[in-house]
Amino acid sequence: MKKYFPLVSIIVNCHNGEKFLKECIQSIIDQTYKNWEIIFWDNQSTDSSSKIFKKYKDSRFKYFLATKHSKFLYEARNYAIEKAQGDFI
């Protein structure tokens, strides 16, 4: 019998978060559950957040750049959720 492992979408909203981004990503990678995707929502960062994220070469890493900066976190989160493919967020 084949086991089903649901896809989990992990939302990472980022605006100039380079200081903690590597630690955040490493924390996700280190999880024992492996059927996940990262939806990285770049909320118009002006630091090197996008360069840091794009260094990871993994098909589970999905990068999206906001067309404009969202003032409110819930807005950015909702945009990212629209991109999610997982069974769980």
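Conventions used here
- Residues numbered from 1 in each chain as written.
- Predicted model: local features only at pLDDT ≥ 70, side-chain atom pairs only at ≥ 80, totals over all residues.
- Heavy atoms only, no water.
- Helix = DSSP H or I, 4+ residues; strand = E, 2+ residues; numbered from the N terminus.
- Rg over C-alpha atoms; globule rule 2.2 N^0.38 Å.
- Buried < 20%, exposed > 50% of the residue type's maximum accessible area, 1.4 Å probe, protein only.
- Areas by Shrake-Rupley, 256 points an atom, 1.4 Å probe, with all protein chains shown as cover.
- Lys, Arg positive; Asp, Glu negative; His and termini not counted.
- Charge placed at Lys NZ, Arg CZ, Asp CG, Glu CD.
- Core = buried A, V, L, I, M, F, W, Y, C linked by side-chain atoms within 4.5 Å.
- Contact = heavy atoms within 4.5 Å.
- Pairing = 2+ DSSP bridges.
- Axes fitted to C-alpha atoms, helices over the stretch in contact; angles between N-to-C directions.

A. Examining the overall build of the protein chain more closely. Along the protein chain, the regular secondary structure elements total three helices and three strands. Of the regular secondary structure in the protein chain, the N- to C-terminal order runs β-α-β-α-β-α. Compactness check: the protein chain gives a C-alpha radius of gyration of 13 Å against a globular reference of 12 Å for 89 residues, within 12% of the reference. Looking at the 89 residues of the protein chain, the share that counts as buried comes to 29%. Carbon and sulfur atoms make up 55% of the accessible area of the protein chain, which totals about 6300 Å². In the protein chain, 15 positive and 10 negative side-chain charges are present, and the distance between their average locations comes to 3 Å.

B. Here's a closer look at the nonpolar core. Of all hydrophobic cores here, the largest spans eleven residues; its members are Val 12, Cys 14, Leu 21, Ile 25, Ile 28, Trp 36, Ile 38, Phe 40, Ile 52, Phe 53 and Phe 61. Of all the secondary-structure elements, those providing two or more residues to this core are strand 1 (8–14), helix 1 (18–29), strand 2 (36–42) and helix 2 (49–54). Setting aside residues no more than four positions away along its own chain, Cys 14 makes contact with Phe 40, Trp 41, Asp 42, Asn 43, Ser 45 and Ser 49. By size, the runner-up hydrophobic cluster in this structure holds six residues, among which are Ile 39, Ala 66, Ala 76 and Ala 80.

C. Broad picture of the sheet that holds strand 3 (residues 61–65). Within the open sheet, the three strands sit side by side as 1-2-3. Their pairing is parallel. Of all the strands in the sheet, the pair left with one neighbour each is strand 1 and strand 3. Recorded for the sheet is a direction-independent mean angle of 20 degrees between the axes of neighbouring strands. When strand 1 meets strand 2, the two strands line up parallel, connected through seven bridges. Following the sheet pairing, Val 12 is matched in strand 2 by Phe 40. The strands that helix 1 touches are strand 1, strand 2 and strand 3; relative to strand 2, the one it contacts most, it runs at about 160 degrees.

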